Amino acid sequence: MTDTVTTAPADLADPGPLRRLAHIRWSDFSLVPVILVLMVIGFIVSPVFLTSDNLISVIQQSSELSLLVLGQALILICGRMDLSLESTIGIAPVIAMWLVLPSEGGRFAGLGLLPTWTAIPLCLLVGLLIGTVNGFLMLKLNVNGFIATLGMLTMLRGLHVGITEGKSITDVPRSFRYLGMTDWLGAPAAVWICLTLFAVGGAALAWLRQGRALYAIGGNPEAARAAGIRVDRITWVVLALGGLLAAFAGILYTGHYGSVAATQGNGWIFQVFAAAVIGGISLKGGRGTLFGALTGVLTLQLVVNVMTLGGVPALWNQFLNGAIIIVALVISRFASGEKQD
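The sections below set out a description of the structure shown in this document. In this text, all values refer to a predicted model and were calculated from it rather than measured experimentally. (Residues numbered from 1 in each chain as written. Predicted model: local features only at pLDDT ≥ 70, side-chain atom pairs only at ≥ 80, totals over all residues. Heavy atoms only, no water.)

**Some words on the environment of Leu214**
You can see Leu214 is positioned in helix α10 (residues 209–219). Excluding residues that lie within four positions of it along the chain, Leu214 makes contacts with Leu74, Ile77, Cys78, Leu205, Ile234 and Val238. (Helix = DSSP H or I, 4+ residues; strand = E, 2+ residues; numbered from the N terminus. Contact = heavy atoms within 4.5 Å.)

Structure follows, in structure tokens:
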């Protein structure tokens, strides 16, 4: 903690070329050889693995999960967490469609209050609002972040089921379908969008003062305040951004499958934390890169894909995600030499 106190203000004041790379470690690239090994294993397990259809399916699924991981990674870096992201990916599209879809002639009883073209802006606004409320609970009411977002997760899940009456919504607006199903330059549009957002986020963490401030806040918030960083304001913005990204993930996921399932997002938070942890994001804050988080997502998706092609039932996926989290935490604990509190 002493290093954070002494170096954080300097990093913010003098963003030289070397300091911009200060948070990048060789360990952030540790999953690259793992990904290559998984690809070799996948080819051995089944020749179908290296077909274009299979690989495109893997990266498509990775892109949707990646947006949740991107939001959670930013939140974790600044020393917070948000469990409600898995509910936001479902409830944000539901509320948007509830407001724009008419009840006549459809399976879903919408209100039809607004034109259909507003569906995407409404969805994003809902995600932004959820993240903002989480920030209010944590920063203004001083509610424990884990408890606050767990309560939000449960409440939003109940709202999702209540609005849809436990049924799937199949009348998806055309704008959702475009983003979820369109290909750009031979790859799904969602993949290009995801890569662009990760690149923007990585550049912000390395080049922008506010981005570098996240590491200072996560490492030692009191030292960050002493350095003149507006800790609460930046943290609040990051929490709101996390909700926004989760809502955007909901748009891509809904458009890809052409519907909103009553269980959309259920259990995703385990995958999100698994990807972040194995990607080098510290649960204590102040450490990690978005590149590492992205490789964490790819690793998880490749493991699941290889297991599926190998005939392993999908029922084992949740067990695998939990095991990966535990192993990654143990490895990180001994590799970093951190002491228990």
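**Notes on the packing of helix α13 (residues 268–278) against helix α14 (residues 290–309)**
Orientation of α13 relative to α14, taken along the N-to-C sense of each, is 120°, at an axis distance of 7 Å. Our classification of the angle between α13 and α14 gives oblique. In terms of crossing hand, the pair formed by α13 and α14 is right-handed. In contact with Gln271, Ala274, Ala275 and Ile278 of α13, α14 contributes Ala293, Gly296, Val297, Thr299, Leu300 and Gln301. (Axes fitted to C-alpha atoms, helices over the stretch in contact; angles between N-to-C directions. Parallel < 35°, antiparallel > 145°, perpendicular 65-115°, else oblique. Left-handed = near helix turned anticlockwise from the far one by under 90°.)

**Quick notes on helix α4 (residues 52–77)**
For the α-helix, the turn length of 3.6 residues means that residues three or four positions removed from each other point alike. Taking 1.5 Å per residue, 26 residues should reach 38 Å; α4 reaches 35 Å between its end C-alpha atoms and fits that length. Maximum bend of α4: about 30°, positioned at Leu65. For α4, the tally of buried residues reaches 19 of 26 residues, placing the bulk of the element in the interior. A positive backbone phi angle near 85° is found at Gly79, which sits one or two residues after α4. (Expected span 1.5 Å × (residues − 1). Bend = angle between axes of the 7 residues up to and from the residue. Buried < 20%, exposed > 50% of the residue type's maximum accessible area, 1.4 Å probe, protein only.)

**Details of the packing of aromatic side chains**
Per the stated rule, a full pass over the model turns up three aromatic pairs. Centroid distance Tyr253 to Trp268: 5.1 Å. Interplanar angle 90°. Geometry classified as edge-to-face. With Tyr253 in helix α12 (residues 231–257) and Trp268 in helix α13, this residue pair connects regions lying 15 residues apart in the sequence. Each member of the pair, Tyr253 together with Trp268, is buried. Pairing Trp316 with Phe319 gives two aromatic rings, centres 5.8 Å apart and planes at 85°, and the pair type is edge-to-face. A relative accessible area of 56% places Phe319 in the exposed class. Three or more aromatic residues link up through ring pairs in this structure, and these residues are Tyr253, Tyr257 and Trp268. (Phe/Tyr/Trp six-rings, centres within 6.5 Å; stacked < 30°, edge-to-face > 60°.)

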